[in-house]
Amino acid sequence: MPLFSSFIVYAGILGSLVLGSYIGAPTDITLSGVFGDEAAKGVLEIKNTGPQAALFAMKADQPWLSVFLDDPDASDVLIKNGLNISATVYADIKNLAVGTYIGNVILAAQDIATGAAYDSKKVAVKLVIA
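Throughout what follows, the structure given in this document is the object of discussion. (Residues numbered from 1 in each chain as written. Predicted model: local features only at pLDDT ≥ 70, side-chain atom pairs only at ≥ 80, totals over all residues. Heavy atoms only, no water.)

Of the regular secondary structure elements, the chain holds 0 helices and 11 strands. When the helices and strands of the chain are listed from N to C terminus, the series reads β-β-β-β-β-β-β-β-β-β-β. For the chain, the exposed area adds up to about 7,200 Å²; of that, 57% sits on carbon and sulfur atoms. (Helix = DSSP H or I, 4+ residues; strand = E, 2+ residues; numbered from the N terminus. Areas by Shrake-Rupley, 256 points an atom, 1.4 Å probe, with all protein chains shown as cover.)

Before going further, it helps to spend a moment on the environment of Gly82. With respect to the helices and strands, Gly82 occurs in the loop between β8 (76-79) and β9 (84-92). Residues Gly82 and Pro51, 31 residues apart in the sequence, show an inter-C-alpha distance of 8.0 Å. When sequence neighbours within four positions are dropped, the list of residues in contact with Gly82 reads Lys47 and Asn48. (Contact = heavy atoms within 4.5 Å.)

Next up on the list: the pairing of strand β6 (residues 54-60). Sheet topology places β6 next to β8; 4 bridges connect them, and they run antiparallel. When the bridges of β8 are listed, Ala57 appears paired with Asp76. One ladder, built from 6 bridges, connects β6 with strand β10 (residues 99-110); its direction is antiparallel. The residue bridging Lys59 from the neighbouring strand is Ile106, located in β10. (Pairing = 2+ DSSP bridges.)

Bringing the packing of aromatic side chains into the picture now. Per the stated rule, a full pass over the model turns up 3 aromatic pairs. Between the aromatic rings of Tyr22 and Tyr118, the centroid separation amounts to 4.4 Å while the plane-to-plane angle is 20°, which identifies the pairing as stacked. Of this pair, Tyr22 sits in the loop between β2 (15-18) and β3 (23-24) while Tyr118 sits in strand β11 (residues 117-129); the two residues are 96 residues apart in sequence, bridging distant segments of the chain. The exposure class assigned to Tyr118 is buried, which follows from its relative accessible area of 3%. Arranged with centres 6.1 Å apart and planes meeting at 65°, the rings of Trp64 and Tyr101 form a pair that is edge-to-face. Of this pair, Trp64 sits in the loop between β6 and β7 (65-68) while Tyr101 sits in strand β10, and the two are 37 residues apart along the sequence. Judged by relative accessible area, Trp64 falls into the buried class, the value being 10%. (Phe/Tyr/Trp six-rings, centres within 6.5 Å; stacked < 30°, edge-to-face > 60°. Buried < 20%, exposed > 50% of the residue type's maximum accessible area, 1.4 Å probe, protein only.)

Turning next to the sheet that holds β8. Here 5 strands make up an open sheet; going across it, the order is β4-β11-β10-β6-β8 and the pairing mixed. Where the open sheet ends on each side, the last strands, each with one partner, are β4 (28-33) and β8. Each adjacent strand pair in this sheet contributes to an overall mean axis angle of 25°, direction not counted. (Axes fitted to C-alpha atoms, helices over the stretch in contact; angles between N-to-C directions.)

With respect to the element layout, Asp111 can be found in the loop between β10 and β11. For the buried residue Asp111, which engages in no salt bridge, the nearest side chain bearing the opposite charge is Lys80, 16 Å off. Side-chain polar atoms of Asp111 contact the side chain of Tyr118, separated by 2.7 Å. Excluding its chain neighbours within four sequence positions, the residues that come into contact with Asp111 are Gln52, Ala116 and Tyr118. (Lys, Arg positive; Asp, Glu negative; His and termini not counted. Salt bridge = Lys/Arg side-chain N within 4 Å of Asp/Glu carboxyl O. Polar contact = N/O pair within 3.5 Å; in protein donor to acceptor, adjacent residues only side chain to side chain.)

Another aspect to go through is the side chain of Asn48. The residue Asn48 is located in strand β5 (residues 39-48) in this model. In terms of polar contacts, Asn48 uses its side chain to reach the backbone carbonyl oxygen of Gln52, at 3.1 Å. Setting aside residues no more than four positions away along its own chain, Asn48 makes contact with Tyr22, Ala53, Ala54, Phe56, Ile79, Lys80, Asn81, Gly82 and Leu83.

Dropping the structure here:
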């Protein structure tokens, strides 16, 4: 599973600090379904690769696509450094035709206290309906 690596520079009251990469996740995920089905689902493993706990938020960029934890209304979670979580990637396919669809899950890691962005990553989602 490739990790996203980047360096984010945060300029605050204490000066500039390089925070580094916080999001370990695959670069893409593929979901598949059959025309007439209600949904297609997959699992997205997300790891906090940063040096401290961070608030991880996630959202999807297509109306047929969503990502959530155990509760469909939960879209963010606190993850301690070195730990991982599993999120459900859900595609509502009941109104989609046979074909291939592309979307993204956008992940963001933020400072718990200030909300300052540590890191962000897009995970490409390919949906194939047969």
